[in-house]
Amino acid sequence: MSLEFTQDFLDRLKRAERLVFFTGAGISAESGIPTFRGKDGIWNKMRPEELASIDGFMKNPELVWEWYQHRRKIVNETQPHDGHKAISALEELYDVTVVTQNVDNLHRRAGSRRIYELHGNLTRNFCMDCRTEFAESEIEYGSKVMRCKCGGMIRPDVVWFGEMLPQDEFLASEQAARDCDILFVVGTSAVVYPAAYIPIGAKQEGGYLAEVNIEPTDATRIMDVSFFGTAGEVLPQILAKARELKKSA
Ligand code: OAD
Ligand code: ZN
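Keep in mind that what you see is a predicted model, and the values were worked out from it rather than measured. (Residues numbered from 1 in each chain as written. Chains lettered and ligands numbered in written order. Predicted model: local features only at pLDDT ≥ 70, side-chain atom pairs only at ≥ 80, totals over all residues. Heavy atoms only, no water.)

A. Structural detail: the overall build of the chain. A count of helices and strands for the chain gives 11 helices and nine strands. In terms of overall dimensions, the chain is globule-like: its C-alpha atoms have a radius of gyration of 19 Å, near the 18 Å expected for 249 residues. Overall size of the chain, expressed as C-alpha extent along the three principal axes, is 60 × 35 × 35 Å. Taken across its 249 residues, the chain has 51% of its residues classed as buried. Considering only residue pairs separated by 6 or more positions, the chain has 66% of its internal contacts joining residues 24 or more positions apart. Total accessible area computed for the chain in this model is approximately 12200 Å², and 48% of it derives from carbon and sulfur atoms. (Helix = DSSP H or I, 4+ residues; strand = E, 2+ residues; numbered from the N terminus. Rg over C-alpha atoms; globule rule 2.2 N^0.38 Å. Buried < 20%, exposed > 50% of the residue type's maximum accessible area, 1.4 Å probe, protein only. Contact = heavy atoms within 4.5 Å. Areas by Shrake-Rupley, 256 points an atom, 1.4 Å probe, with all protein chains shown as cover.)

B. Structural context of the coordination of the zinc ion (ligand 2). Note on the zinc ion (ligand 2): its protein donors are Cys 127 (SG), Cys 130 (SG), Cys 148 (SG) and Cys 150 (SG). The metal-donor distances range over 2.3 Å. Given four donor atoms and angles of 102 to 118° at the metal, the environment of the zinc ion (ligand 2) is assigned as tetrahedral. Note on Cys 148: relative accessible area 10%, which makes it buried. (Donors = N, O, S within 2.8 Å, 3.2 Å for Na, K, Ca; no water. Tetrahedral: all angles 85-135°; square planar, octahedral: opposite > 155°, others 65-115°.)

C. Looking closely at the pattern of salt bridges. Following the criterion strictly, the structure yields 14 salt bridges and no others. For Arg 47, the salt bridge identified is with Glu 50, shortest N-O distance 3.1 Å. The class for Arg 47 is partly exposed, based on a relative accessible area of 46%. When the shortest N-O distance is used, the salt bridge between Arg 124 and Asp 157 registers 3.0 Å. Of this pair, Arg 124 sits in strand β4 (residues 120–127) while Asp 157 sits in strand β6 (residues 154–158), and the two are 33 residues apart along the sequence. Three or more residues joined by partner-sharing salt bridges are found here, namely Arg 108, Glu 117, Arg 124 and Asp 157. (Salt bridge = Lys/Arg side-chain N within 4 Å of Asp/Glu carboxyl O.)

D. Up close: helix α9 (residues 167–179). Taking 1.5 Å of rise per residue, the 13 residues of α9 would be expected to cover 18 Å, and the 18 Å separating its terminal C-alpha atoms lies within 8% of that figure. Considered for burial, the residues of α9 that qualify are Phe 170, Ser 173, Ala 176 and Ala 177. All buried residues of α9 project into a common sector of 130° when viewed along the axis, lining one side. Those residues of α9 hidden inside the fold are in contact with β1 (18–23), β2 (95–100), β3 (115–117), β7 (182–186) and α10 (197–204). (Expected span 1.5 Å × (residues − 1). Arc of directions from axis to C-beta.)

E. Here's a closer look at the packing of aromatic side chains. With the rule as written, the count across this model stands at 11 aromatic pairs. Between the aromatic rings of Phe 57 and Trp 160, the centroid separation amounts to 5.3 Å while the plane-to-plane angle is 45°, which identifies the pairing as tilted. You can see Phe 57 sitting in helix α5 (residues 54–59) and its partner Trp 160 sitting in the loop between β6 and α9, a full 103 residues away along the chain. We classify Trp 160 as buried; its relative accessible area is 2%. The structure contains a cluster of three or more aromatic residues connected by ring pairs, namely Phe 5, Phe 9, Phe 21, Phe 184 and Phe 227. The ring of Trp 65 has Arg 72 lying over it, and the distance from NZ or CZ to the ring centre is 5.6 Å. Taking NZ or CZ as reference, Arg 155 lies 3.9 Å from the ring centre of Trp 160, over its face. (Phe/Tyr/Trp six-rings, centres within 6.5 Å; stacked < 30°, edge-to-face > 60°. Lys NZ or Arg CZ within 6 Å of the ring centre and 35° of its normal.)

Have a look at this one:
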């Protein structure tokens, strides 16, 4: 699939200095990680209140622990694809910030350097009582919830429903989205708040928004341009075009 670029988009891509990529589960779909919504979405089969909430964890810690182990295993067996890599390669040409709702660590593994993880990161864990952090290598996998030296239960460092987002990262993300020349909104249904305020806030400040998704979303109506296709197909073409434009600048 070869993309059609509007002249307006090309002019902006040529002039731009700062790019922000606001990403969601769809960017990791081609790596083999299921998305949450849509046809084969996780939340069609699983209940978020059981698996992704503090109440769910307190009621049935073993179930939640097992579920996150399952997700870690999937993530560890997958690789970032050409879409993730295109975003990190754009750092050759631009000041790039990644604002992600994903907890899968794939942007980091693809080499992106400035990443704000609004919903945490699956590869980190911490003790619920004393807040000690545990790296993945320190975690013993088994069906029992692991406990800290202090006796507290260890949980994944992800944001569950009803929990606060990391405030510093959220504020820094809002700022980056407001200050950038193009905000790319990639592979997200943009229905989960407060994360979904990031594109809305940028738009209100007069920002230029470009969407990459396989289909229209709730955010499509506020986009300046939409590229319909998979992240793995579309992002490398944007990278190639940016290289061409910057070379001739
Ligand atoms: P969703 O599952 O809601 O949306 C995934 C989006 O990706 C949809 O708009 C799809 O059309 C699109 N998509 C699927 N495959 C794609 C591909 N190959 N290329 C491009 N786009 C593709 O995922 P999120 O928007 O990330 O929250 O969901 C937001 C939050 O809801 C998640 O962070 C998680 C979840 O509950 C927490 O865990 C707190
Ligand atoms: Zn502890």
